[in-house]
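Per-entry structural report
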Amino acid sequence: MKKNLIVFVLLLMAVGVSAQATTDEQAKAIVDRAVAQLQRQPRKYTFTTTYTAGRTGDKQVQSGVCAINGKKTYVQYAGMETFFDGKTQWVFMPDNNEVSVSEPTPAEQRESNPLLLVRDYAQTHRVGFDEDKNADNFMVCLYPTIAKQVEYFRIKLSIDKKTYALRRIEFCQRNADRIILTIDSQQPLPKEFKFAFDQAQHPYVEVNDLR
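Here the structure is a predicted model, which means the values were calculated and not measured.

Conventions we followed
Every chain's residues receive numbers from 1 upward, in the order its sequence appears when written. A pLDDT threshold of at least 70 governs which residues receive local features in this predicted model, and a stricter bar of 80 or more applies before side-chain atom pairs are shown or counted, although totals over entire chains, interfaces and linings include all residues. Hydrogens and waters are ignored; side-chain quantities use all the structure's heavy atoms. Secondary structure elements follow DSSP: runs of H or I no shorter than four residues count as helices, runs of E no shorter than two count as strands, and numbering proceeds from the N terminus. Relative accessibility decides the category of a residue: with a 1.4 Å probe and only protein chains considered, values under 20% of the type maximum give buried, values over 50% give exposed, and everything between is partly exposed. We call two residues contacting when some pair of their heavy atoms lies within 4.5 Å. Note on areas: Shrake-Rupley with a 1.4 Å probe; residue coverage comes only from the protein chains shown. Here, strands pair whenever DSSP counts at least two bridges between them. Any Lys or Arg side-chain nitrogen located within 4 Å of an Asp or Glu carboxyl oxygen qualifies as a salt bridge. Stacked, edge-to-face and tilted are the three classes for Phe, Tyr and Trp ring pairs, Trp counted by its six-membered ring, which pair at centre distances within 6.5 Å; planes under 30 degrees apart are stacked, over 60 edge-to-face, the rest tilted. Counting as a charge over the ring demands two things of the Lys NZ or Arg CZ atom: a distance within 6 Å of the ring centre and an angle within 35 degrees of the ring normal.

Considering the overall build of the protein chain
- Counting its regular elements, the protein chain contains three helices and 12 strands.
- Evaluated residue by residue, the protein chain yields a buried proportion of 39% over its 211 residues.
- Within the protein chain, counting contacts between residues at least 6 apart in sequence, those at least 24 apart form 45% of the total.
- For the protein chain, the accessible area works out to roughly 13000 Å², and carbon and sulfur atoms hold 52% of it.

What about the pairing of strand E5 (residues 89–93)?
- In terms of residue burial, E5 counts as a mostly covered element, since five of its five residues are buried.
- Note: strand E4 (residues 80–84) against E5, four bridges, orientation antiparallel. Counterpart to glutamate 81 in the pairing with E5 is phenylalanine 92.
- Hairpin connection between E4 and E5: a loop of four residues separates the two successive antiparallel strands, and glycine 86 in this loop has a positive phi of roughly 105°.
- The pairing of E5 with strand E6 (residues 98–102) spans five bridges and is classified as antiparallel. Note on E6: the bridge partner recorded for tryptophan 90 is valine 101.

A few points about the pattern of salt bridges
- The full count for this structure, using the stated rule, is nine salt bridges.
- Ionic pairing is found between aspartate 209 and arginine 211, a salt bridge with its closest N-O pair at 2.7 Å.
- The exposed category is assigned to arginine 211, whose relative accessible area is 56%.
- In the salt-bridge network here, residues are joined through shared partners; they are Arg110, Arg119 and Asp120.

Examining the packing of aromatic side chains
- Scanning all chains against the criterion turns up eight aromatic pairs.
- Judged by centre distance (5.4 Å) and plane angle (75°), the ring pair of tyrosine 74 and phenylalanine 193 falls under edge-to-face. Here phenylalanine 193 lies in the loop between strand E11 (178–188) and strand E12 (206–209) and tyrosine 74 lies in strand E3 (residues 72–77), a separation of 119 residues in the sequence.
- Note on tyrosine 152 and phenylalanine 171: the rings are 5.4 Å apart at their centroids and 75° apart in plane angle, and the pair reads as edge-to-face. Highlighted residues: tyrosine 152 in strand E9 (residues 152–160) and phenylalanine 171 in strand E10 (residues 166–173), separated in sequence by 19 residues.
- By relative accessible area, tyrosine 152 is classed as buried at 8%.
- The structure contains a cluster of three or more aromatic residues connected by ring pairs, namely Tyr74, Phe83, Phe92, Phe193, Phe195 and Phe197.
- Its guanidinium or amino end placed over the ring of tyrosine 164, arginine 33 lies 3.7 Å from that ring's centre, counting from NZ or CZ.
- Sitting over the ring of phenylalanine 138, lysine 161 keeps its end group 5.8 Å from the ring centre.

These figures come from the coordinates and say nothing about function on their own.
Structure representation (structure tokens):
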């Protein structure tokens, strides 16, 4: 009897593991379709970030612009403009009339651009469905596989059920803070859009070359 009970429990565990694997694969397929949206064509995004302090509940809201074209990216946020042409990065601070030039690693880029983190998620995260449900969006979570190297323990993604467009990214920090990035709009990127800093337009800018 005891032996049969052990076998029964093991079978239940095996079924549970199999069901979880199937569910995780379904969640991964959804994220992969959202990533395909990010990679399909050059696009420009407007977004809003909301930072909520876990201890006090205080909130800070800021807006920004992001553009992606393959490996090229641009971000305008928090009083700075960041250009990346696939190799070189320029961080321009207009208030200081200063630009820093570097050649960031892919990991450093992902740290500064959440859309790139989602695009490259398979390298650093595993996927599962979120407990929260939504009629219009798939609710999916990314869990870092390099947990000791990041300040968050989970990223929640909201993905449109009809178009698979990414709608929201929520970082759940270990210190109870929350950072939510909401994509307000997106549109095809104009062909004349530039991913390199034009120093000719800023002849007196101070250049800090960190390469």
